[in-house]
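For reference, the chains in residue letters:
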Amino acid sequence: MNGVLIPHTPIAVDFWSLRRAGTARLFFLSHMHSDHTVGLSSTWARPLYCSPITAHLLHRHLQVSKQWIQPLEIGESHVLPLDEIGRETMTVTLLDANHCPGSVMFLFEGYFGTILYTGDFRYTPSMLKEPALTLGKQIHTLYLDNTNCNPALVLPSRQEAAHQIVQLIRKHPQHNIKIGLYNLGKESLLEQLALEFQTWVVLSPRRLELVQLLGLADVFTVEEKAGRIHAVGHMEICHSNMLRWNQTHPTIAILPTSRKIHSSHPDIHIIPYSDHSSYSELCAFVAALKPCQVVPIVSRQPCGGFQDSLSPRISMPLIPDSVQQYMSSSSRKPSFLWLLERRLKRPRTQGVVFESPEESADQSQADRDSKKTQKEKLSPWPAYLEKQPSHHPLRTKKQLFPDLYSKKWNEAVPFCESQKRVTMLTAPLGFSVPLRSTDEEFISLKTREEIGLGSPLVPLGDDDGGPEATENQSAWMGHGSPPSHSSKGTPHLASEFRGLALKYLLTPVNLFQAGYSSRSFDQQVEKYHKPC
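Residues numbered from 1 in each chain as written. Predicted model: local features only at pLDDT ≥ 70, side-chain atom pairs only at ≥ 80, totals over all residues. Heavy atoms only, no water.

Per an unreviewed UniProt entry, the recorded name for the protein is 5' exonuclease Apollo, and the organism is Theropithecus gelada. UniProt, in its Sequence similarities (unreviewed entry) section for the protein, records the words "Belongs to the DNA repair metallo-beta-lactamase (DRMBL) family." Taken from UniProt, the Catalytic activity (unreviewed entry) comment for the protein reads in full: "a beta-lactam + H2O = a substituted beta-amino acid". (UniProt positions renumbered as here; feature names shortened; annotations may be inferred.)

Right, here's the structure in full:
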């Protein structure tokens, strides 16, 4: 677990144990690697700040409710309150950490001075050109990624390590290549290898979703036999799997990591490709910033050799009274504890009550009404959230279109294990709904342009009833629905059911497409190999 409670502040970074969080009230997530999300799950019920891409992954894979996730744009300064009355504030700026998709460093500025939390990061000189760091600010405390803070560990740059991987693959032109990775990270390396060797890279559906979100080149697929380079989980690179893979086709495996790992098979190759800063890079980073003190993030790793690069330390200022009250207040309890307290206050019936079946049947409707009333009283959610329809696709369909709901939907919906196939519930004619993923709500227009997602689709059923609306309506007809009786009510329904489209999808269709375009692939390869 790599998390920090910043002393004398209500700030916690990558720290998710509420029992030990003490006075922490503001929670920040640097990236989605599992060692930084220990304790974070779907039950989390406090505001959480992170980058837009991390926000998407957090909701998608850990099912944290969107109401608690507060995405902040990278490279911009954001003002957050440090108390309950708005008297004391701080500024937080997110900086690209060059570690994995969505990873950021946090620059905090407030009554406590200036604090830089790097999280996991790979240093590049361009980081020092960030506007937030070029204004001559004195960094009072630097929380540093000390994963590779060992003078004896010499690492090549990522470009040099990638070149080593390319040379290794060239020595095995007839072999399949298995590259062992964690669930997140090194996607740009895979893209480089695909373009270099003009082959598709085979991914899991989960990683394919990620590379599509990042807007990388169209060189990835889930088809097992489409290409010779396969990205697999790092735990799959083992002796038994190497024997099995080589029984069907000559195969080598590559583990791009700086960790000291014993190779259990002669065809398993460990290349020191690291997403963490090397010791020499850490020294250059600290020497440029000249912080007053350096605090290691990884407690079990050494962190030294920076004494000559430090500025004189200053005394810690007093914590403002309003911030002290905010940190010591108990008003921000998790909602489930509040609900538990309410339930414990309810009167309990003592003993056992026996009822006849006839009386039970007569009272069933009254009991349901009573339970509904009690549930409304006990609910910790605001009234407008209680009135929202369920997000379950089958339940939503039944609520919105009861006349179209048939008995067959009461049966379980089959899912294949690999999730390559999807089941779609078609929307009826007359309901104009934009095909826009609710997961993309986290991603602002600026971020969408940077990662190549493009603009959101325009809702169907415009007032003018133009050709686009007619064309999209005809697409719904392909599912065998009867013609619409009237199109006059469409604009009203479009606004009423805005954003519900993917509630008819059990899995986003575009994320698990097994098909791929050879024409698009050829264009990407030609662009990569075109001389500058």
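The next point concerns the side chain of His-31. Positionally, His-31 belongs in the loop between strand E3 (26-28) and strand E4 (48-50). Residue class for His-31 comes out buried when judged on its relative accessible area of 0%. For His-31, the side chain forms a polar contact with the side chain of His-33, separated by 3.4 Å. Within polar-contact distance, the side chain of His-31 engages the side chain of Asp-120 at 3.3 Å. Setting aside its immediate chain neighbours within four residues, His-31 contacts His-36, Thr-37, Thr-54, His-99, Cys-100, Ser-103 and Asp-120. (Helix = DSSP H or I, 4+ residues; strand = E, 2+ residues; numbered from the N terminus. Buried < 20%, exposed > 50% of the residue type's maximum accessible area, 1.4 Å probe, protein only. Polar contact = N/O pair within 3.5 Å; in protein donor to acceptor, adjacent residues only side chain to side chain. Contact = heavy atoms within 4.5 Å.)

We now examine helix H8 (residues 321-328). All of the buried residues along H8 are Ser-322, Val-323, Tyr-326 and Met-327. Around the axis of H8, the buried residues are gathered within 135° of arc, so they sit on the same side. For H8, the exposed residues set more than 90 degrees away from the buried face come down to Asp-321, Gln-325 and Ser-328. In the core, the buried residues of H8 are packed alongside E3. (Arc of directions from axis to C-beta.)

The next point concerns the pairing of strand E8 (residues 104-110). Across the 7 residues that make up E8, a large majority, 6, are buried. Relative to strand E9 (residues 113-117), E8 runs antiparallel, the two sharing 5 bridges. Across the sheet, residue Leu-107 finds its bridge partner in E9, namely Leu-116. Hairpin connection, E8 to E9: the antiparallel pair is bridged by 2 residues. (Pairing = 2+ DSSP bridges.)

In terms of nonpolar packing, the biggest core is built from 29 residues, with Ile-179, Leu-190, Leu-193, Phe-220 and Ile-254 touching the most fellow members. Put simply, the parts of the chain that give this core at least two residues each are helix H3 (158-170), strand E11 (176-181), helix H4 (187-197), helix H5 (205-214), strand E14 (229-233) and strand E15 (251-256). If you look at the next biggest cluster of nonpolar residues, it comprises 26 residues, including Met-90, Phe-108, Tyr-143 and Met-327. (Core = buried A, V, L, I, M, F, W, Y, C linked by side-chain atoms within 4.5 Å.)

This brings us to the layout of surface pockets. As a volume, the second largest pocket reaches approximately 1200 Å³. Along the walls of the second largest pocket sit 49 residues, with His-33, Asp-35, Tyr-182, Arg-259 and His-276 positioned nearest its centre. Within the residue set of the lining of the second largest pocket, elements represented by two or more residues are helix H2 (52-62), E11, H5 and E15. Of the residues forming the lining of the second largest pocket, the biggest block, 3 residues, is contributed by H2. (1 Å grid on protein atoms, 1.4 Å probe; cavity = no way out; pocket = protein on both sides within 12 Å on 5 of 7 lines; lining within 4 Å. Points joined across faces, edges and corners; volume = space filled by probe spheres on them.)

We now examine the packing of H2 against H5. With their axes 12 Å apart at the nearest point, H2 and H5 run at an angle of 155° to one another. As the angle between them shows, H2 and H5 are arranged roughly antiparallel. Pair H2 / H5 crosses with right-handed handedness. Side by side, H2 and H5 meet where Ile-53, His-56, Leu-57, Arg-60 and His-61 of the first sit next to Arg-206, Glu-209, Leu-210, Leu-213 and Leu-214 of the second. Considering only residue class, the contact of H2 with H5 consists of 5 nonpolar, 2 polar and 3 charged. (Axes fitted to C-alpha atoms, helices over the stretch in contact; angles between N-to-C directions. Parallel < 35°, antiparallel > 145°, perpendicular 65-115°, else oblique. Left-handed = near helix turned anticlockwise from the far one by under 90°. Nonpolar A, V, L, I, M, F, W, Y, C, P; charged D, E, K, R; others polar.)

It is worth spelling out the sheet that holds E3 at this point. Strand order in the open sheet formed by 5 strands is E1-E2-E3-E4-E5, and the pairing between neighbours is mixed. If you trace the sheet from one side to the other, it starts and ends with strand E1 (4-5) and strand E5 (69-71), each paired once. Here 2 bridges tie E3 to E4, and the two strands are oriented parallel to one another. By the bridge assignment for E4, Phe-28 is matched with Tyr-49. Running over the sheet, H2 touches E4 and E5 and is turned about 155° from E5.

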